[in-house]
Amino acid sequence: MQRKKTAKSGKAEKNSEPLDGPSVTAVKNVTLADLPTPSQLTVKESTVQMMIIFLVLVALYVVAFCLRLFSVLRYESIIHEFDPHFNFRGTKTLVYDGVDAFYNWFDTLVWYPLGRWVGHTVYPGLMLTSGAIYHTLHFFNFPIDIRNVCVFLAPLFAGNTALVTYIITKDCWDSGAGLIAAAFVAVVPGYISRSVAGSYDNEAIAIFAIINTFMGFVKAVKSGSMMWSAYSALAYCYMVHAWGGYIYIINLLPVYVYGMVLVGRYSHRLYVAYSCFYILGTLFSLLVPFVGFAAVVSNTHMAAPIVFVLLQFHNLMAFMRGHLGDKFGDFFRKLVSFLVAGVLVVFVAGLALGVVDITKTGRFFYMLNPAANTIPIIASISEHQATPWSSFFFDLSFLVLLMPVGMYFCFREWTDGSIFLLTYGVTATYFGCVMTRLILVLAPVTCILAAIGVSRTLTLFMRDSSRGSSDGSERGLAGQAVSKFIAAAVTGMFAFLFMFYVVHCTWITSEAYSSPSIILQATGANGQRVIFDDYREGYFWLQTNTAPDAKIMSWWDYGYQMASMSNRTTIVDNNTWNNTHIATVGRCLASSEEDCYRIMRKLDVDYVLVVFGGFVGYSSDDINKFLWPIRIGGSVYPMIREKDYLDDNGQYRVDGGASKRLLNSMMYKMCYYRFGETQVSHQHPAGFDRVRNVQIGRPDFKLTKIQEAFTTEHWMVRIYKVRKEPNRG
């Protein structure tokens, strides 16, 4: 017999069980629904419960914020990586010159001689958010520098993400799982990797926007409220302003709605929620200059209008079936024929007029079919590679094992919320596998599903261990007898996993994700930290020792940093919008000194910058990346062939067995100039490369078209000045 609760006290009466133990049926009915809800509690108990939840969420917000401050405490308040430097530069323009100036900003310091219309080629959500916070703080007389606003924005939004994760998990499951999910997402390394202090990138606010959009839509589906649907559309609008990952939202929600119809869970609430979301969300997304009419004509957005039309058709059929009765069959056949013909006519007309684009964009197509990726500029980016198995355990810890448990419970209890979580989980897992970067999207739903699995398992085992029975046994998930020892062991195992999870996340955050790429750190022989600040040293030299209109050529990785920190004109940068221009730079670096000089003169280059790690053992240098400039250059210029830069066995080498084309290339000469005279340690001969662990193949050569201008302390940044052509007498 199940124990009953009294409405007055909210306490359970003693269970009248037979002497031979509880029945299997009674245990099978034990679910989280048996826990007292706020309506079953007294006013005092409900207030205490709400206060505890509030305090836990505040504590999680503080933890999420503070855990991401290692980089500031260990180094200083600086902007990290590469893309954040452009975002910071754009934010300063928006804050100091105004919103209109930002949207009309044509940047002449980048992509020389082409330039870039920044306001119409960027997602402005990050800049607008920082600008709003900056002006709000100054309105209340908090004179904070814009740099500090940008540095601490990501940790601030990490706390916001924990809060909305609690809300969406509570709506899809219960508040207990919501608190666990919020705790998981506050410290999960997969999310921390893009939200530490100083990581001023679009993803810093985008994950909050994604979960916030899903939270509003789930509430709209549960309630049928147009208000929540409009809220979800506004959150989606913010996401469109923030990150190109909004494509995932506008494709996931149609898949979810269509799946709900297929499994027979169509309702008027679903109709209202999706119809309002699609109409308002599409109108809002048209306001973003970078998106514009792509929101209605691009092939990456087509799932949303198709499902919208199908939903209207389904609702119309339900209405007509109720009013036409037996005549509905003939009407249905005629209507379907008319609609199919109309859709075909509109589609063919769109193709003829060029309004409908059926070509696939590079990154989107790569995510759908990773094996078909043949575009070098996309394949060259490390975060676009397929995710290795180790990364899942590194970024998600044991949550990858608990996620299937949560999915199992969602399958057992088929609700609108659980179906959404399953749809989100399956799709995010696929995209997280095909691209390392998208573990960021997978991390929140992994935390939510793992929290559901933990919450339901602990609820059943902890309830069993506290209830007891006459024969000293308990009942597990399948209604079978489980001893108190097993119940206690399961609870203890989860306690150990939680402690391990906290230690793992803290260590990963401290050691792997809190080191800015612009400042490098190593451990010396005596155990002391050694700081390599060569990047800023090189950029500062450019700022103080070159003309204000000097043009700097480098591989595109360093363009954003140079424009932001040196305030000098760059040839290419990390935007990678013009593959031909980047291929020209790749051809220049792969060519001989004479051919490279002719290209540099055409581009009006004054200085060339390369990154070299052979002196200190820095492996992410331009020599290790050199095959990508060769491949990208060869994709446009047929005379650049990768096989010419490999040895007879097809290996990439820089020692005596290297190909003559490689040893004569401009990249090789600029990296190894004067290095053959340098002895890096007493154990190795002069010209020994610590990264490749070989002695270079061409130690003695001269430069005739360029001259060395500056080399940083640890030889990591090398700058060369392009000689001017002699006057013709």
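Residues numbered from 1 in each chain as written. Predicted model: local features only at pLDDT ≥ 70, side-chain atom pairs only at ≥ 80, totals over all residues. Heavy atoms only, no water.

Draft legend 1. How the structure looks around the pairing of strand β5 (residues 520-523). Relative to strand β6 (residues 529-532), β5 runs antiparallel, the two sharing four bridges. From the neighbouring strand, glutamine 521 faces β6, where its bridge partner is isoleucine 531. Between the antiparallel neighbours β5 and β6 lie five residues, among them glycine 527 with a positive phi of about 90°. (Pairing = 2+ DSSP bridges. Helix = DSSP H or I, 4+ residues; strand = E, 2+ residues; numbered from the N terminus.)

Draft legend 2. How the structure looks around the environment of valine 56. You can see valine 56 is positioned in helix α2 (residues 43-66). With 126 residues separating them in the primary sequence, valine 56 and alanine 182 have C-alpha atoms 9.6 Å apart.

Draft legend 3. Inspection of the sheet that holds strand β12 (residues 706-711) at higher detail. Pairing in this open sheet of five strands is mixed, and the strands run β8-β7-β9-β13-β12 from one edge to the other. Each edge of the open sheet carries a strand with a single partner, namely β8 (569-570) and β12. Helix α24 (residues 534-545) rests against β7 (551-553), β9 (607-611), β12 and β13 (717-722) of the sheet, and its axis sits at about 25° to β13. (Contact = heavy atoms within 4.5 Å. Axes fitted to C-alpha atoms, helices over the stretch in contact; angles between N-to-C directions.)

Draft legend 4. Main features of the confidence of the model for the protein chain. Of the residues in the protein chain, 85% have a pLDDT of 70 or more, and the chain-wide mean is 86. Here helix α1 (residues 24-28) is the element of the protein chain with the lowest mean pLDDT, 40, and β9 is the one with the highest, 97. In the predicted structure, residues 1-33 sits below a pLDDT of 50 and forms 50 contacts with residues beyond four places in sequence or in another chain. (pLDDT = per-residue confidence, 0-100.)

Draft legend 5. Inspection of the nonpolar core at higher detail. Among the nonpolar cores identified, the biggest contains 129 residues, and Phe214, Phe420 and Tyr424 are the most heavily contacted of them. With 15 residues, the top contributor of residues to this core is helix α22 (residues 439-467). When sequence neighbours within four positions are dropped, the list of residues in contact with phenylalanine 214 reads Ile168, Tyr248, Ile249, Leu252, Leu253, Phe420 and Tyr424. The next biggest cluster of nonpolar side chains, apart from the first, holds 78 residues, and it includes Ile518, Leu646, Tyr672 and Val722. (Core = buried A, V, L, I, M, F, W, Y, C linked by side-chain atoms within 4.5 Å. Buried < 20%, exposed > 50% of the residue type's maximum accessible area, 1.4 Å probe, protein only.)

Draft legend 6. Quick look at the pairing of β9. Across the five residues of β9, five count as buried, placing the element largely inside the fold. The two faces of β9 match: Tyr607, Leu609 and Val611 on one face and Val608 and Val610 on the other face are all buried. Bridge analysis of β7 against β9 gives two bridges, and the strand direction is parallel. Within β9, the position partnered with isoleucine 552 by the bridge is tyrosine 607. The pairing of β9 with β13 spans five bridges and is antiparallel. If you follow valine 610 over to β13, its bridge partner there is arginine 718.

Draft legend 7. Layout of unusual backbone geometry. For the bond from tyrosine 112 to proline 113, the omega torsion is 0°, close enough to zero to count as cis. Note on placement: proline 113 falls in the loop between β1 (106-107) and β2 (116-117). One non-glycine residue, asparagine 141, adopts positive backbone phi at about 65°. Structurally, asparagine 141 can be placed in the loop between α6 (125-139) and α7 (146-172). On the accessibility criterion, asparagine 141 (67% relative accessible area) is exposed. Its identity as a non-glycine residue notwithstanding, arginine 674 has a phi of 70°, on the positive side.

Draft legend 8. Representation of empty space enclosed by the protein within the structure. Overall, the coordinates contain three cavities of 30 Å³ or more when judged by the stated rule. Considered as a void within the structure, the second largest cavity measures approximately 40 Å³ in volume. If you go around the second largest cavity, the residues you meet are Tyr236, Ile250, Tyr278, Gly281, Thr282, Ser285, Ala295, His301 and Ala304. Broken down by element, the lining of the second largest cavity gets its largest block of residues, four residues, from helix α13 (residues 268-285). A class-by-class count of the residues in the lining of the second largest cavity yields five nonpolar, four polar and no charged. (1 Å grid on protein atoms, 1.4 Å probe; cavity = no way out; pocket = protein on both sides within 12 Å on 5 of 7 lines; lining within 4 Å. Points joined across faces, edges and corners; volume = space filled by probe spheres on them. Nonpolar A, V, L, I, M, F, W, Y, C, P; charged D, E, K, R; others polar.)

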